[in-house]
Amino acid sequence: MLGRYVLREVLVPYLVGVVLFVALLTFDLLSSLSGVLLSRGVGVEAILKLILYRLPWTLSLALPLGLVFAILVGLARLIRSSELKAAYAAGVPPWALLKPLALLALLVSLFNLLNLAELRPRALEAYDRHLAHLLYGEGAYSGVLRQQLYAPPGLGVYYAEEVRPEVGQNRLFGLRVVDERGRVYSAPEGVWDREGWQFRGYVWDGERPKPFAGLLPFPVEFRPKESLGSRDPYDSTTLRELWQRSQVEPSARFAFHRRLADALGGFFLGLVAAALGLAFREAAWAFLSIVLLIFGYYVLWTLSAQLARYDVNPLFAYLPNGLYALLGLYLVWRLR
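J.: Where do I start with the side chain of R120 in this structure?
T.: Relative to the assigned elements, R120 resides in helix α4 (residues 94-136). Residue classification places R120 among the buried residues on the basis of a relative accessible area of 7%. Those residues in contact with R120 that sit more than four places away from it in its chain are P56, W57, S60, N115, D235 and R259.

In structure tokens form, the structure reads like this:
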């Protein structure tokens, strides 16, 4: 019963916090596009579609951040009214209040995992198409990728100057392949389908090139997608496809682990926030902790991304979660 009471105290500020973060992020989006959209006479309906397509992206940030806000604000109210002190004086262990909050954080993380794995990528792809249509007109957005390099384990190195999507396949231009035996293949164009890379060109297996026409195995097929602006180029790729691409693209490995780490981040943020809030005796500390927890996680999140730029182990994507997990375990131990 007491656990349900604590959850009720948290759920209302959680809804308020999520709405607040969504509103701030949406306002930031509209402020950055307002001049361009107004100059093109974009109507209200088209702008609402942009906001709707962008909603899963804003929720992926608002869900974990709003959870920190809600837990600490809800517990701060219980501290101010001395309800936590009364519960502890009556013999209620902090662990009994921590469990429902940890369960809430876990449910938020699982929902955010679904959002990050499927909903957000597909919505961002639709957002890019819709925005490109508003900015450049019908058919301006092609999804062509340029200067793509792939390194499938045990298959060598595959390179294409351009990858263009078509129905059921991708068209390759200016392709080069170095297989595991050191043979070099080249062709002006080819096709990339479910079987691999098919092309007609030349192969260097010695001093002189020889004609080549055939298929080289490639373990994954995907439709190229471009993202508008400076956003992560993997944002519109589903988690399943991102895992496949991580098998052949070194740069996709960190993006795959970062996607999983972002989903887990809500649980660890919620756990630390709950353990901190239950240990406080003054409500003022709760409001300060909101800023410190979010700022600290953002600093570690940014640091892990910088390490990825220097080809450090992609598992560094879990750096923020690992440190917050250790902090959470320490705080839970202290609650005893």
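Now that the structure has been shown, the text picks up again.
J.: Before we go on, may I ask you to explain the sheet that holds strand β3 (residues 169-178) in this structure?
T.: Whether parallel or antiparallel, the strands of a sheet pair through hydrogen bonds between backbone atoms. The antiparallel open sheet is built from 6 strands, whose spatial order is β1-β2-β3-β4-β5-β6. Each end of this open sheet is capped by a strand with a single partner; those strands are β1 (145-150) and β6 (209-217). Adjacent strand axes in the sheet meet at a mean angle of 20°, parallel and antiparallel pairs treated alike. One ladder, built from 8 bridges, connects β3 with strand β4 (residues 184-192); its direction is antiparallel. Along β4, the bridge assignment pairs R171 with V191.

J.: I keep staring at the pairing of strand β5 (residues 196-204) and nothing clicks. Help me out?
T.: Looking along a regular strand, one sees the side chains alternate between the two faces of the sheet. As defined by bridge partners, β4 adjoins β5 across 6 bridges and the pair is classed as antiparallel. In the sheet register, S186 faces β5, and the bridge partner there is Y202. Between β4 and β5, which follow one another and run antiparallel, lie 3 residues. Note: β5 against β6, 9 bridges, orientation antiparallel. The residue of β6 that forms the bridge with V203 is K210.

J.: I'm lost on the nonpolar core in this one. Help?
T.: Nonpolar side chains in soluble globular proteins tend to end up buried together. Ranked by internal contacts, the top residues of the largest apolar core, which has 46 residues, are I71, L278, L293 and Y324. Those elements that provide at least two residues to this core are α1 (2-39), α2 (44-80), α3 (83-89), α4, α6 (250-279), α7 (283-309) and α8 (319-334). Per element, the largest residue contribution to this core is 11 residues, and it comes from α2. Beyond its immediate chain neighbours, meaning those up to four positions away, L293 contacts V68, L72, L269, V272, A273, L276 and Y324. In this structure, Y150, V163, Y185 and L216 belong to the second largest nonpolar core, which totals 20 residues.

Rules of the game
Residues numbered from 1 in each chain as written. Predicted model: local features only at pLDDT ≥ 70, side-chain atom pairs only at ≥ 80, totals over all residues. Heavy atoms only, no water. Helix = DSSP H or I, 4+ residues; strand = E, 2+ residues; numbered from the N terminus. Buried < 20%, exposed > 50% of the residue type's maximum accessible area, 1.4 Å probe, protein only. Contact = heavy atoms within 4.5 Å. Pairing = 2+ DSSP bridges. Axes fitted to C-alpha atoms, helices over the stretch in contact; angles between N-to-C directions. Core = buried A, V, L, I, M, F, W, Y, C linked by side-chain atoms within 4.5 Å.

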